[in-house]
Amino acid sequence: MNVLKFGGTSVANAQNIKLVLNIINESAKKDQLVVVVSAFSGVTDLLVLASSNASAKDKNYKEIVSQIEKKHKEAIEELIPLSDQNELIESINSNINHLKTLLDGCYLLGELSSRTSDTILSFGELLSSQIIAKALEQKVKNAGYKDSRDLIKTNNHFGKAIVNFETTNQLIADYFLSNNADATVIPGFIASSSDGNNTTLGRGGSDYTAAIVAAALNATQLEIWTDVNGMFTANPKIVKQAQPIQTISYQEAMELSHFGAKVLYPPTIQPVLKKNIPIIIKNTFEPEADGTLISSAVNGNENPIKGISHIDKIALLTLEGSGMIGVSGSSKRLFEVLSNETINVIFITQASSEHSICIGILNADADKAQYSIDKAFELEIAQNKIDPCIVEKNLCIVALVGESMKNHQGLSGKMFSTLGKNNVNIRAIAQGASERNISVVINERDVKKALNTLHERFFEDNTKQLNLFVMGVGNVGEKFMDQIHQQKKFLKDNLKINLRVIAVSNSRTMHFNEEGMSLKEWKELLEKGEIANKEIFIEKVKNLNLRNSIFVDITANETIAQTYDQYLEQNIAVVTCNKIACSSTYENYSNLKQLSRKFNAPFLFETNVGAGLPIIDTLKHLIASGDKVHKIQAVLSGSLNFIFNNFNEENSFYDVVKEAGIQGFTEPDPKIDLSGVDVARKILILIRESGYHMEIEDIANESFLPQDCLETTTIDDFFASLTKHTNHFENLYKEATSRDSRLKYVAQFENGIATVGLQFIAKDHPFYNLEGKDNIVLFFTDRYVDQPLLIKGAGAGAAVTASGIFADVIRIGNV
């Protein structure tokens, strides 16, 4: 004997019911069956609404009954031949008329008793089971129907009746002993009391019906058919990478079900657990899928964590005070108060000092619980021995579950460190002596991040997902996106980094996709995106609250640079090639570094100096290892180096500057490069990273541009001024030639003094042979005295800058 139970989605409509009938037909060829069915999907909710409306004197309940009647008669028309419909339609009409009578009574009285409510709710399963039983006769000739109210007997605790197992087991055994049907359909959820009243079995009632019958008949197995491929390692609606669990123990299934796994409701397992009857969770819509087998077996060779689950809408109540220390009975009084108010306690933790006790309950019960607790401890509160009950709402319990967890060390540490790295604050912790689950209470807004982060840590072969929010997709930004597209598979296969671009924005539009956008189509998606708005962009990033979020700034925009603190405060890493933040006031620079440390959010800006060259990273390692920088000499502008390397008798200064812009070596406004401001920012960043306190105003900027050029207000005017002062630039070149030198724009720091300016570099200097757009930096330190540490390479260009940004992103992935 096998027992099969089909839930509401499995019997939502005629099309789904046909799939159910096929499954029953195949199973009936091998075993005798009992088939337990739920109400059609949505019908129970309609019955609740109708009864509520009727008792509230709202005549709309009649329209709801009409909807229910129509839904079932449409199913009859599709499932059952016209010649076989009459008897069934008469029965359905009789049930609908009875339902209408009950609701009319609720309307006239203006009230709804729990007894009447149970009778009204019973119609969902009664109607569905009769239709499915009749339809099954077309597939299984020896099919039958039995009203479960004749088999399952309970007390009169309406809404969640208690089963009388002695009577129930005997009735079930006696009936099926004489019943020869190959498949017998019975309604789930409903039962009756010993005096004949309709009762219901509460939440998960249809599963419970199936388990009761399976246990009473010592069934071979209980099959629960639903709309998913069994139990999952996490809620697949929240964690897209969640995997089906093939085998799981009864205890593990109980734990996962208690902590929110919706496939099962914990009491369901109790009757079959006692009889050691296996449960199989299967998918009605993918019957060939393996599903999940729940049994007494425990596989100790697999991952000790079977699943991660959660309960949302939790409130945390804390009772504390010196008056609890050493006083017996405080806990007893607390739990008696909650019991008297029929408030279910979901989570308990107590400090060993006995100074406080903390409990988790549903949000909906929090106010009632707080009032009752304060009332019960009124005297102690008045005497300041105990503080008034503290309530924190909108929390969530997250639990790691696994039978073998007790045999593995360090799982708690991994859980807490994983959450901590993603700035998920733990409000309370609980772990039973069985070590079957570790539970933490966190803020409800962090639940998605927490579940995904933990799942990544324990189930995804340590693959780390990075979620990028990219601001600025011009020359450099486009190259960056291309590089991500090119390397995405390599990073996942070799470095276990899964890169997803969640958002892109330019100055006109922005586009978000929580699941990660197609890197082939990002340009088209951005073109069709919403109007760009910095504030809305920030809010969306915060509200998504994704794990390992990284804001990537590929602009030169000051207002964007001023938003970094808002990201870092939310544990969102910042990667930027925008020099403005790190070269702003020292106070702001220092604050960003502190926020990065405080909220465990990396703040990386390697490309601020030298594009893709590892200048800042090398400098950080020098300082971290205890070295001290005394002097820096550098050519830090690839654009200026390109300009002065190509400026000669044949190429005018104006033409070379134009060409540098075309090739993407200069900022959109080339005056930033030529005025020395860009170089001053770069040397300032190196000075600060070397451990010195300096402001941009402290750097002597010895500009080679005429004052007239510096005072221009538009890009066109600036270029016009370059033409106007052609002789000035030609004289600089001639002087360099006469000195047998080359022109280089040099930044220097020594003895606390920093300068930037054009210099005539002699042939014997390391800077003399610096070609093209290369940068070079010399660090003179305690360890590098006679021969400085030299870093040299391409210091400008979209591709190398993009690769530097990409390298910073990968650094975060490798943390």
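Here, every reference points to the structure presented above.
Quick look at the structure, then. (Residues numbered from 1 in each chain as written. Predicted model: local features only at pLDDT ≥ 70, side-chain atom pairs only at ≥ 80, totals over all residues. Heavy atoms only, no water.)

**Considering the overall build of the chain**
Argument step 1. Counting its secondary structure elements, the chain contains 29 helices and 30 strands.
Argument step 2. Put simply, the chain has 815 residues, and 54% of those count as buried.
Argument step 3. Sequence-distant contacts in the chain: of pairs separated by 6 or more residues, those separated by 24 or more amount to 72%.
Argument step 4. Taken as a whole, the chain presents about 35300 Å² of accessible surface, with 47% of it coming from carbon and sulfur.
Argument step 5. Side-chain charges of the chain comprise 80 positive and 97 negative groups, with the mean position of each set lying 3 Å from the other. (Helix = DSSP H or I, 4+ residues; strand = E, 2+ residues; numbered from the N terminus. Buried < 20%, exposed > 50% of the residue type's maximum accessible area, 1.4 Å probe, protein only. Contact = heavy atoms within 4.5 Å. Areas by Shrake-Rupley, 256 points an atom, 1.4 Å probe, with all protein chains shown as cover. Lys, Arg positive; Asp, Glu negative; His and termini not counted. Charge placed at Lys NZ, Arg CZ, Asp CG, Glu CD.)

**Brief notes about the side chain of Ser330**
Argument step 1. Among the structural elements, Ser330 can be located in helix α10 (residues 330-340).
Argument step 2. Filtering out sequence-adjacent residues up to four positions away, Ser330 remains in contact with Met324 and Phe377.

**What about the pattern of salt bridges?**
Argument step 1. Considering all chains together, one arrives at 30 salt bridges under this definition.
Argument step 2. Across the pair Lys593 and Glu689 runs a salt bridge, and its minimum N-O distance is 3.0 Å. One end of the pair, Lys593, is in helix α20 (residues 586-598); the other, Glu689, is in helix α25 (residues 677-689), with 96 residues separating them in the sequence. Glu689 matches Lys593 in its accessibility class, with the two residues each being buried.
Argument step 3. Measuring nitrogen to oxygen at the nearest pair gives 3.4 Å for the salt bridge that ties Lys763 to Asp740. Of the two residues, Lys763 is situated in the loop between β28 (753-761) and β29 (774-781) and Asp740 in the loop between α28 (726-738) and β27 (742-750); the sequence distance between them amounts to 23 residues.
Argument step 4. Counted as one network, the salt bridges with shared partners bring together Lys579, Asp678 and Lys682. (Salt bridge = Lys/Arg side-chain N within 4 Å of Asp/Glu carboxyl O.)

**Concerning the sheet that holds strand β18 (residues 464-471)**
Argument step 1. Taken in spatial order, the seven strands line up as β21-β20-β19-β18-β22-β23-β24 in an open sheet, and their pairing is mixed. Edge positions in the sheet fall to β21 (530-531) and β24 (603-604), since each has one partner strand and no second.
Argument step 2. In the sheet, β18 pairs with strand β22 (residues 549-553) via five bridges, with the strands oriented parallel. Bridge pairing in β22 places Leu468 opposite Ile550. (Pairing = 2+ DSSP bridges.)

**Here's the deal with empty space enclosed by the protein**
Where empty space is left becomes clear once a probe the size of a water molecule has been rolled over the atoms.
Argument step 1. With the rule as written, the count across this model stands at two cavities of 30 Å³ or more.
Argument step 2. A volume near 90 Å³ is recorded for the largest cavity.
Argument step 3. Ile238, Lys240, Gln241, Lys448, Asn452, Gln465, Arg500, Glu514, Glu515, Leu546 and Arg547 together form the lining of the largest cavity.
Argument step 4. Considered class by class, the residues forming the lining of the largest cavity number two nonpolar, three polar and six charged.
Argument step 5. Looking at the second largest cavity, its volume works out to about 50 Å³.
Argument step 6. If you go around the second largest cavity, the residues you meet are Lys449, Val541, Lys542, Asn545, Leu546, Ser549, Gln570, Asn571 and Ile572.
Argument step 7. Here the residues of the lining of the second largest cavity are counted per class, giving three nonpolar, four polar and two charged. (1 Å grid on protein atoms, 1.4 Å probe; cavity = no way out; pocket = protein on both sides within 12 Å on 5 of 7 lines; lining within 4 Å. Points joined across faces, edges and corners; volume = space filled by probe spheres on them. Nonpolar A, V, L, I, M, F, W, Y, C, P; charged D, E, K, R; others polar.)

**Looking at the sheet that holds strand β2 (residues 33-37)**
Argument step 1. Taken in spatial order, the eight strands of this open sheet run β3-β5-β2-β1-β8-β10-β11-β9, and their pairing is mixed. For this open sheet the edge positions go to β3 (143-145) and β9 (247-249), each flanked by a neighbour on one side alone. Pairs of neighbouring strands in the sheet enclose a mean axial angle of 20°, with direction left out of account.
Argument step 2. Where strand β1 (residues 2-6) lies against strand β8 (residues 221-226), five bridges are found, and the strand directions are parallel. What sits directly across from Phe6, in β8, is Trp225. (Axes fitted to C-alpha atoms, helices over the stretch in contact; angles between N-to-C directions.)

**A look at helix α13 (residues 411-421)**
Argument step 1. Within α13 the residues assigned to the buried category are Leu411, Met415, Thr418 and Leu419. The buried residues of α13 all sit within an arc of 95° when viewed along its axis, so they share a single face.
Argument step 2. Those residues of α13 that are buried are in contact with β15 (390-401), β16 (426-431), β17 (437-443) and α14 (447-459).
Argument step 3. Two residues or fewer past α13, Asn423 is found with a positive phi of approximately 60°. (Arc of directions from axis to C-beta.)

**Quick look at unusual backbone geometry**
Argument step 1. Of note, Thr342 is a non-glycine position whose phi angle comes to about 50°, a positive value.
Argument step 2. We note that Asn571 has phi near 65°; this positive angle belongs to a residue other than glycine.
Argument step 3. You can see Asn571 is positioned in the loop between α19 (564-568) and β23 (573-576).
Argument step 4. Among the residues examined, Asn571 registers a relative accessible area of 8% and is labelled buried.

**As for the environment of Lys134**
Argument step 1. With respect to the helices and strands, the residue Lys134 is situated in helix α5 (residues 114-136).
Argument step 2. Residue Lys134 is classed as buried on the basis of its relative accessible area of 18%.
Argument step 3. Spatially, the C-alpha atoms of Lys134 and Lys62 are 27 Å apart, while their sequence positions differ by 72 residues.
Argument step 4. Discounting residues that sit within four places of it in the chain, Lys134 has contacts with Ile80, Asp84 and Leu88.

**Focus: the pairing of strand β25 (residues 629-635)**
Argument step 1. In terms of burial, β25 is a largely internal element, six of the seven residues being buried.
Argument step 2. Relative to β29, β25 is paired through six bridges, and the arrangement is antiparallel. The residue bridging Lys631 from the neighbouring strand is Phe780, located in β29.
Argument step 3. Sheet topology note: the β25/β27 ladder contains four bridges and is antiparallel. Its bridge partner lying in β27, Ala634 is registered against Ala747.

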